[in-house]
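Tertiary structure, described
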Protein chains: 2
Amino acid sequence: METEYILIKNALILNPIDNDKNKAIESYKGSVLIENDKIIEISNDISSNNIYNNANNNVDKVIDAENKILMPGLINTHTHASMDLFRGLADDMPLHQWLEEHIWPTEAGLNGEYCYTGALLAAIEMIKSGTTTFNDMYFYMEDIAKAVDESGIRASLSYGMIDFGDKEKRENEFKENISLIKNCNNTADGRITTMFGPHSPFTASKELLERVRKEADEYNVGIHIHMNETKKEVEDVVESTGNRPFEYLNDIGFLKDDIIAAHGVWLSEEEIAIIKENNIKISHNPCSNMKLSSGIAPVDKLLNNNVCVSIGTDGAASNNNLDMFEEMKFASLLQKVNTMNPQSLPSDKVLKMATLNGAKSLGLEKEIGSIEVGKKADIILIDTNTPNFTPMSNIPSSNIVYSANGSNVNTTICNGKILMENRKLTNLNEEEILEKSKIAIKELIDKRD
Amino acid sequence: METEYILIKNALILNPIDNDKNKAIESYKGSVLIENDKIIEISNDISSNNIYNNANNNVDKVIDAENKILMPGLINTHTHASMDLFRGLADDMPLHQWLEEHIWPTEAGLNGEYCYTGALLAAIEMIKSGTTTFNDMYFYMEDIAKAVDESGIRASLSYGMIDFGDKEKRENEFKENISLIKNCNNTADGRITTMFGPHSPFTASKELLERVRKEADEYNVGIHIHMNETKKEVEDVVESTGNRPFEYLNDIGFLKDDIIAAHGVWLSEEEIAIIKENNIKISHNPCSNMKLSSGIAPVDKLLNNNVCVSIGTDGAASNNNLDMFEEMKFASLLQKVNTMNPQSLPSDKVLKMATLNGAKSLGLEKEIGSIEVGKKADIILIDTNTPNFTPMSNIPSSNIVYSANGSNVNTTICNGKILMENRKLTNLNEEEILEKSKIAIKELIDKRD
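The shown structure was predicted, so the numbers you read here are calculated from the model rather than taken from an experiment.

Criteria and thresholds
Residues numbered from 1 in each chain as written. Chains lettered and ligands numbered in written order. Predicted model: local features only at pLDDT ≥ 70, side-chain atom pairs only at ≥ 80, totals over all residues. Heavy atoms only, no water. Helix = DSSP H or I, 4+ residues; strand = E, 2+ residues; numbered from the N terminus. Rg over C-alpha atoms; globule rule 2.2 N^0.38 Å. Buried < 20%, exposed > 50% of the residue type's maximum accessible area, 1.4 Å probe, protein only. Contact = heavy atoms within 4.5 Å. Areas by Shrake-Rupley, 256 points an atom, 1.4 Å probe, with all protein chains shown as cover. Lys, Arg positive; Asp, Glu negative; His and termini not counted. Charge placed at Lys NZ, Arg CZ, Asp CG, Glu CD. 1 Å grid on protein atoms, 1.4 Å probe; cavity = no way out; pocket = protein on both sides within 12 Å on 5 of 7 lines; lining within 4 Å. Points joined across faces, edges and corners; volume = space filled by probe spheres on them. Nonpolar A, V, L, I, M, F, W, Y, C, P; charged D, E, K, R; others polar. Pairing = 2+ DSSP bridges. Axes fitted to C-alpha atoms, helices over the stretch in contact; angles between N-to-C directions. Buried area = accessible area lost by both parts, 1.4 Å probe. Salt bridge = Lys/Arg side-chain N within 4 Å of Asp/Glu carboxyl O. Polar contact = N/O pair within 3.5 Å; in protein donor to acceptor, adjacent residues only side chain to side chain. Expected span 1.5 Å × (residues − 1). Arc of directions from axis to C-beta. Core = buried A, V, L, I, M, F, W, Y, C linked by side-chain atoms within 4.5 Å. Least-squares fit on C-alpha atoms with pLDDT ≥ 70 in both. pLDDT = per-residue confidence, 0-100.

What chain A contains, in helices and strands, is 16 helices and 17 strands. The C-alpha atoms of chain A give 21 Å as radius of gyration, which agrees with the globular expectation for 449 residues (22 Å, within 12%). Once the C-alpha set of chain A is aligned to its principal axes, its extents read approximately 65 × 45 × 45 Å. The 449 residues of chain A split such that 65% are buried. A fraction of 72% describes how many contacts in chain A between residues 6 or more apart in sequence connect residues 24 or more apart. For chain A, the accessible area works out to roughly 15,800 Å², and carbon and sulfur atoms hold 44% of it. With 45 positive and 69 negative side-chain charges, chain A shows a spacing of 2 Å between the two charge centroids.

The following block contains the structure:
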């Protein structure tokens, strides 16, 4: 393969940082040089160094990012991409009715082809709203891997393991998840990584959870799990185990720093201490938690305890979109009103949650999550010459978190490949995928009825 | 003026209704014929009646709305348009610091020209996100009227009257507000109406409020006021008057059905009864209330009491945008999590709040707020052939409230004039207004420092 260079000039670079206690985001004017899949140079003086010389000699593509923000692609740390097909399938109803009368009966008709189509639809939605990495748990994960491969996006994939104590079911779940790991881990030029996906402590047995811990260590992959989403499920775990969910998992030796736990809405002080001690990562999903009336996660408290909290959209069936810009605003505003403290989750902190914290949560901190030499080129450009970005604050993350939505993203680059430029997708057939998606949900509903 | 016809064909029409207790929105495929500023015909069988014949003979413009939703333009019932200049000026801080250190010192430098520019910026933002009417309270309102006139949007304008008990200041405030009424009411082809704008019961004296009541009756205009936004201001009114704000206003004979009260966050049972009894309209501003940590308005309870609640964005300084689609999602999800009832504020009800309830709240129910023959043609078209509208639910408002944002609006028509088509503004110079806005806030900050 020939070496390819992309130079992005004159951008306002926004970068999440860890080395400054008082600052979550640094910003400066500069240029970024990409060689194949990696960032190889960042400079705020392009005329005096290599970046300039490279630019003049070898660069295949030059993007003038004047009036644009350059920042890391957003990282969605909890979703079920294929559920994009279920957008608007059922709203405004209690969780059990939503699941039992609508989601589960429709899911029963799924197959690999439908999940592949749904994942492509989700990939389009994410690329067009500036997300370059997503953390997914669902079924037919190897079909979803195929959609990830083709779409050019990055993903961490896990199979949603549910056994309800049934041994045969359990064996099948391990077969599925291990097959996913063996066939897909580090594929698609390294864009696909994998995890184990035990669904939750109330749908997966102790035996399943204990074996997941062992296998995750053996395969050296992380664990993606739903935790403490609703009050009822916490009460159910207390009833069946005598302990709250994180206490229970701690007792059985499940907890380690390779776990990303989605939701974390209902947490006791003791559980927050356990999360902190074990360096568990929490994926906060404010829209889904609000829409399903699950509750409000204590994100401000978790961050004050130095817990790594990132942001996820959950699936489109309970959100109902995958726009991480919107999710950032919900995350911040929900904490502000819940704590009655307007200083909660300031915009810089929220932007770091949606980028660098996401990378850490997926064990991809060395690869993605910030604009640094040596990291993968997962980059988005935001056009600031628009009404909702006018004027620009001294704190550039303000407009990003409080005023923007996904449509402000102009260009999306993942692993050094341009997936969208000037709002046009470069490698997916949008019209065709939308059409296939409409047919898919129609067929799924017909099957069900 | 020559008679002009616009025919919009094959749309999915969404229309808020009052005549069905169990239904807030009706939807059907149909076509709409516009004559000058009015809707003159709506049909679901265009081939068999006048609409078809008119279309073939006299129609100046035919829009094929296949794959588009046609619905009333959104009505933003509480904002301060010119504050678009203050977007991102100050975030993430307590209200008093926000006001005293940032907003008030910057406002001190305002003049008519700046307010005009800010209102044009807001008009662009609103037109591009599907809002066709806004209810505004600020200073230099005749300059804002000029921006409304030029931009083609519809507005209800009031001057923010503050006297803090000072008689001279009070006289000035009446002079300003009455001048606005005399010079601007029913101007711009009827697109501009006016109200009195007593700022709030804690910034306006009893004398001011009593005289507003009298003058409003005399001029036959409504009243726009901030009410019960923060816990502290309610406590202050209790301390100074012995009564909670709505009780106080009831006692002094201020209350009537021509009042739109913004916020209504902190309301006692007694106050809700007073609101209901006097048919006071409440403008709910969820983003601003959350961002400033003001609190959560009891919207679900108000609606269950048959109070007319509409939706506002508040100014961009505390939101930080004017996107009513985003505001609808915030309104619904905030109630769902606050009441722990996912059935709160279903999407149809929210869409009605943002349209027909808005019209009622501004005394414009006979003019706007729904798609009906004889009403003004304030219409938006939403492109549904996009990733975040795929698939479409059986309940079309689902995607509108839970998945859309303002960028999904393809065409905006106000008073029969196309203000945006295929996302391009037809009568405002976007580039120039963005540039002027950037200069304006720079000058205002320089003045201040």
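Past the structure itself, the notes keep going.
Before going further, it helps to examine empty space enclosed by the protein. Residues and elements named next belong to chain B. Overall, the coordinates contain four cavities of 30 Å³ or more when judged by the stated rule. Approximately 50 Å³ is the volume attributed to the largest cavity. Every residue along the wall of the largest cavity is listed here: P72, G73, I75, T132, T133, I368, G369, S370, K376 and D378. In the lining of the largest cavity, the residues fall into three nonpolar, five polar and two charged.

For the rest of this paragraph, the subject is the sheet that holds strand β9 (residues 192-198) of chain B. Residue and element names in this part refer to chain B. With parallel pairing, the eight strands of this open sheet are ordered in space as β6-β7-β8-β9-β10-β11-β12-β13. Edge strands, defined here as strands with exactly one partner in the open sheet, are β6 (74-79) and β13 (309-311). Going from strand to strand, the sheet's axes swing by 25° on average, the running direction of each strand aside. Relative to strand β12 (residues 281-284), strand β11 (residues 259-263) runs parallel, the two being bridged by three bridges. Along β12, the bridge assignment pairs A262 with S283.

Counting residues at the interface gives 61 residues for chain B, matched by 61 residues for chain A. The largest per-residue losses of area from chain B upon contact with chain A belong to D92(B), P387(B) and P391(B), which jointly make up 14% of the total buried on that side. The interface formed by chain B and chain A includes four salt bridges. Of the charged contacts, one joins K329(B) and E326(A) as a salt bridge, the two residues approaching to 2.4 Å between their closest N and O atoms. There are 35 residue pairs in polar contact (both at pLDDT 80 or more) connecting chain B and chain A. The element contributing the most residues to the side of chain B that touches chain A is helix α12 (residues 324-339) of chain B, with seven residues. Residue composition of the side of chain B that touches chain A, by class: 25 nonpolar, 22 polar and 14 charged.

Residues and elements named next belong to chain B. In this model helix α16 (residues 430-448) runs 27 Å from its N-terminal to its C-terminal C-alpha over 19 residues, within 8% of the 27 Å that 1.5 Å per residue would give. Along α16, the residues that are buried comprise E430, I433, L434, S437, A440, I441 and L444. Along the axis of α16, the buried residues cluster in a sector spanning 120°; they form a single face. If you follow the buried residues of α16, they end up packed against α2 (95-107), α3 (112-128) and β17 (424-425).

What follows concerns the nonpolar core. In this structure, F86(A) and F86(B) are the most contacted members of the largest nonpolar core, which totals 232 residues. If near-sequence neighbours (up to four positions away) are discounted, F86(A) is found in contact with I103(A), T106(A), E107(A), L110(A), Y138(A), A317(A), I441(A) and L444(A).

This part takes up the sheet that holds strand β9 (residues 192-198) of chain A. All names here are of chain A. Taken in spatial order, the eight strands line up as β6-β7-β8-β9-β10-β11-β12-β13 in an open sheet, and their pairing is parallel. At either margin of the open sheet sits one strand with a lone partner, and together these are β6 (74-79) and β13 (309-311). Each strand axis lies, on average, 25° off the axis of its neighbour in the sheet, ignoring direction. Bridge count for β6 against strand β7 (residues 131-138) is four bridges, and the pairing is parallel. Each residue of the ladder has a partner; that of T79, found in β7, is D136. Against the sheet, helix α12 (residues 324-339) contacts β6, β7, β12 (281-284) and β13, and its axis sits at roughly 75° relative to β6.

On to the pattern of salt bridges. One pass over the full model with this rule turns up 57 salt bridges over all chains. Residues joined in a network through salt bridges with shared partners are R213(A), D217(A), K256(A) and D258(A).

Residue and element names in this part refer to chain A. You can see S310 is positioned in strand β13. Residue class for S310 comes out buried when judged on its relative accessible area of 0%. Counting along the chain gives 23 residues from S310 to L333, while the straight-line C-alpha distance between them is 15 Å.

This next bit is on the relation of the copies chain B and chain A. With an RMSD of 0.0 Å, the fit of chain B onto chain A corresponds to turning through 180° and sliding 0.0 Å along the axis. What the rotation and shift describe, once combined, is the action of a two-fold rotation axis. Residue S407(B), judged by its C-alpha, is the member of chain B lying nearest the rotation axis, at 3.3 Å. Of the residues that chain B buries at the interface, 100% are likewise interface residues in chain A, meaning the two copies contact each other through the same surface.

Bringing α12(A) into the picture now. Residues and elements named next belong to chain A. The terminal C-alpha atoms of α12 lie 22 Å apart, and with 16 residues this matches the ideal 22 Å at 1.5 Å per residue to within 8%. Most of α12 sits out of view: 14 of its 16 residues are buried. In the segment just after α12, M340 is the residue with positive phi, at about 55°.

Bringing the confidence of the model for chain A into the picture now. When pLDDT is averaged along chain A, the result is 96, and 97% of the positions lie at 70 or above. Scoring the predicted complex yields pTM 0.98 and, for the interface, ipTM 0.98.

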